[in-house]
Amino acid sequence: MPLPPESGRELDEAVQRAEVEHRRAVRAAEIAARHETQMLTAAEGMRALHARMAVMHRQAEQQHRTAARIHTAHADRLRRWAEGSQDPQAPSDLMAAACETLGASGAAFTLFGTDQTEVLTAASNPASRTAQHLEFTFGQGPARETVRLHRPVIAAGTEIAATWPIYGPAVERLGIGAVAAVPVAMAGQTLGALTVFDPPMADGPDAEGPDLEAFEATAETLVASLEPPPLSGAYEEFTRCPSLVGQADLWAVVNQAAGMVSVQCRCGTADALALIRAHAFAENRPVDEVAADIVARTLRLS
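Residues numbered from 1 in each chain as written. Predicted model: local features only at pLDDT ≥ 70, side-chain atom pairs only at ≥ 80, totals over all residues. Heavy atoms only, no water.

- An unreviewed UniProt entry annotates the chain as ANTAR domain-containing protein originating from Catenulispora pinistramenti.

Spelled out as structure tokens, the structure:
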């Protein structure tokens, strides 16, 4: 079955991004190797410099290799979907590819606005999306925690409920037994988070937890995917945003609803958002559904 034009372009773009990242990884490895060699023969005063440069380029190599794996997995999922060899209900987007590459049960990507409300979200599967919505509804959870602390956050088993008394039990009921979140930085500022559900443990005798470096590299890859692809020639036309941004309009509706409630109840938008969250929690409904009803004027909180 031929791919629809939009999916065909997404496949081409995924293949091209993977090739670009692979070339960048090879180049970074070559530079790192050169500095490692020079570190052995350089004057003593220059060895520290070559050592720092080698470490920096090895880190860049790993980042580019992670990005190449994710984009390759994305392309493979699109091919399998076109060939009919993949469950048509299985997601084929970039978040699903990132989750597959990490070997986790799920993953969620969130960018926050200046008032700590979600402005862009993406999730790898329904359970991850529900967990992401729960965090928004309750105003607590790993994504918010990692942004607040500016460092990775990990919780497993009873730690989840102990850390987030409302969010934790609700997530456990989804069958999620562990969470790990790393901050997402853009332009030097922490603006979001990548949350990984049931993350695998890192390899190696000294490993004591999840592979946070792999999570951070994945987060950087997802952030980079929001920018126009570094392609040329026949691929210059592929400047559309990837499927990662598909839920951005959802949070625009929530913000619109908060504005309406703010006017109706004569309160600030933060208090209005709290009212929407409280109603969603009391009715056991997703916040975006409640917001949609408010915008449609079939629900009034006053």
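Focus on the confidence of the model for the chain
Right, so step 1: Per-residue pLDDT for the chain averages 82, and the proportion of residues at 70 or more is 83%.
Right, so step 2: Low pLDDT, under 50, characterises residues 231–242; the stretch is placed with 19 contacts to residues that sit more than four places away or in other chains. (pLDDT = per-residue confidence, 0-100. Contact = heavy atoms within 4.5 Å.)

Quick notes on the sheet that holds strand β5 (residues 189–197)
Right, so step 1: Spatially, the five strands line up as an open sheet ordered β2-β1-β5-β4-β3, and their pairing is antiparallel. A strand with exactly one partner marks an edge of an open sheet, and here the two such strands are β2 (118–123) and β3 (153–156). Across the sheet, the mean angle separating the axes of adjacent strands is 15° when strand polarity is ignored.
Right, so step 2: Along the sheet, helix α3 (residues 94–102) makes contact with β1 (106–112), β2 and β5, crossing β1 at roughly 125°. (Pairing = 2+ DSSP bridges. Helix = DSSP H or I, 4+ residues; strand = E, 2+ residues; numbered from the N terminus. Axes fitted to C-alpha atoms, helices over the stretch in contact; angles between N-to-C directions.)

Topic: helix α4 (residues 126–138)
Right, so step 1: With 13 residues, α4 should reach 18 Å at 1.5 Å per residue; the first-to-last C-alpha distance of 18 Å fits that figure.
Right, so step 2: The set of residues buried in α4 consists of S128, A131, Q132, H133, L134, E135, F136, T137 and F138.
Right, so step 3: Looking at the residues trailing α4, positive phi occurs at G139, about 70°. (Expected span 1.5 Å × (residues − 1). Buried < 20%, exposed > 50% of the residue type's maximum accessible area, 1.4 Å probe, protein only.)

Some details on the side chain of H57
Right, so step 1: Inspection of the secondary structure assignment puts H57 in helix α2 (residues 44–83).
Right, so step 2: Classification of H57 as buried rests on a relative accessible area of 15%.
Right, so step 3: Those residues in contact with H57, other than ones at most four positions away along the chain, are A28, I31, A32 and H35.

Notes on the packing of aromatic side chains
Right, so step 1: All chains considered together, the criterion is met by one aromatic pair.
Right, so step 2: Considering the side-chain rings of W164 and Y167, the 5.9 Å spacing of their centres and the 90° angle between planes classify their relative orientation as edge-to-face. (Phe/Tyr/Trp six-rings, centres within 6.5 Å; stacked < 30°, edge-to-face > 60°.)

Quick notes on the packing of helix α10 (residues 269–283) against helix α11 (residues 287–295)
Right, so step 1: Contact geometry for α10 and α11: axes closest at 9 Å, N-to-C directions at 115°. Where α10 crosses over α11, the handedness of that crossing is right-handed. Between α10 and α11, the contacting residues are I276, R277, H279 and A280 on the first element and V287, V290 and I294 on the second.
Right, so step 2: Taken together, the residues of the contact of α10 with α11 sort by class into five nonpolar, one polar and one charged. (Left-handed = near helix turned anticlockwise from the far one by under 90°. Nonpolar A, V, L, I, M, F, W, Y, C, P; charged D, E, K, R; others polar.)

Focus: a negative patch on the surface
Right, so step 1: Taken together, the side chains of D211, E213, E216 and E220 define an acidic patch exposed on the protein surface.
Right, so step 2: On the basis of relative accessible area, E220 is assigned to the partly exposed category, the value being 47%. (Patch = residues over 30% accessible without salt bridge, like charges linked within 9 Å, V, L, I, M, F, W, Y side chains within 5 Å. Areas by Shrake-Rupley, 256 points an atom, 1.4 Å probe, with all protein chains shown as cover. Salt bridge = Lys/Arg side-chain N within 4 Å of Asp/Glu carboxyl O. Lys, Arg positive; Asp, Glu negative; His and termini not counted. Charge placed at Lys NZ, Arg CZ, Asp CG, Glu CD.)

Notes on the pattern of salt bridges
Right, so step 1: Following the criterion strictly, the structure yields 12 salt bridges and no others.
Right, so step 2: Residues R77 and E100 are paired through a salt bridge, measuring 2.8 Å at the closest nitrogen-oxygen approach. Residue R77 is located in helix α2, and its partner E100 is located in helix α3; the two are separated by 23 residues in the primary sequence.
Right, so step 3: The class for R77 is buried, based on a relative accessible area of 14%.
Right, so step 4: In this structure E100 comes out as partly exposed when scored by relative accessible area, which is 39%.
Right, so step 5: In this structure, E145 engages R148 in a salt bridge whose closest nitrogen and oxygen atoms are separated by 3.0 Å. Of this pair, E145 and R148 are both found in helix α5 (residues 142–149), three residues apart, which corresponds to roughly one turn of the helix.
Right, so step 6: One continuous salt-bridge network, built from bridges that share partners, spans E36, R58, E61 and R65.

Some points on the pairing of β1
On a regular strand, one side chain projects to one face of the sheet and the next to the other, so that they alternate.
Right, so step 1: The buried fraction of β1 amounts to seven of the seven residues, a majority that puts the element mostly inside the structure.
Right, so step 2: Alternating residues of β1 divide into G106, A108, T110 and F112 and A107, F109 and L111, and every residue in both groups is buried.
Right, so step 3: Sheet analysis places β1 next to β2, joined by five bridges and oriented antiparallel. Within the sheet, the bridge partner assigned to T110 lies in β2 and is T121.

Some thoughts on the environment of L49
Right, so step 1: Note that L49 resides in helix α2.
Right, so step 2: Classification of L49 by relative accessible area gives partly exposed; the value is 34%.
Right, so step 3: Placed 14 residues apart in sequence, L49 and H35 show a C-alpha to C-alpha distance of 8.8 Å.

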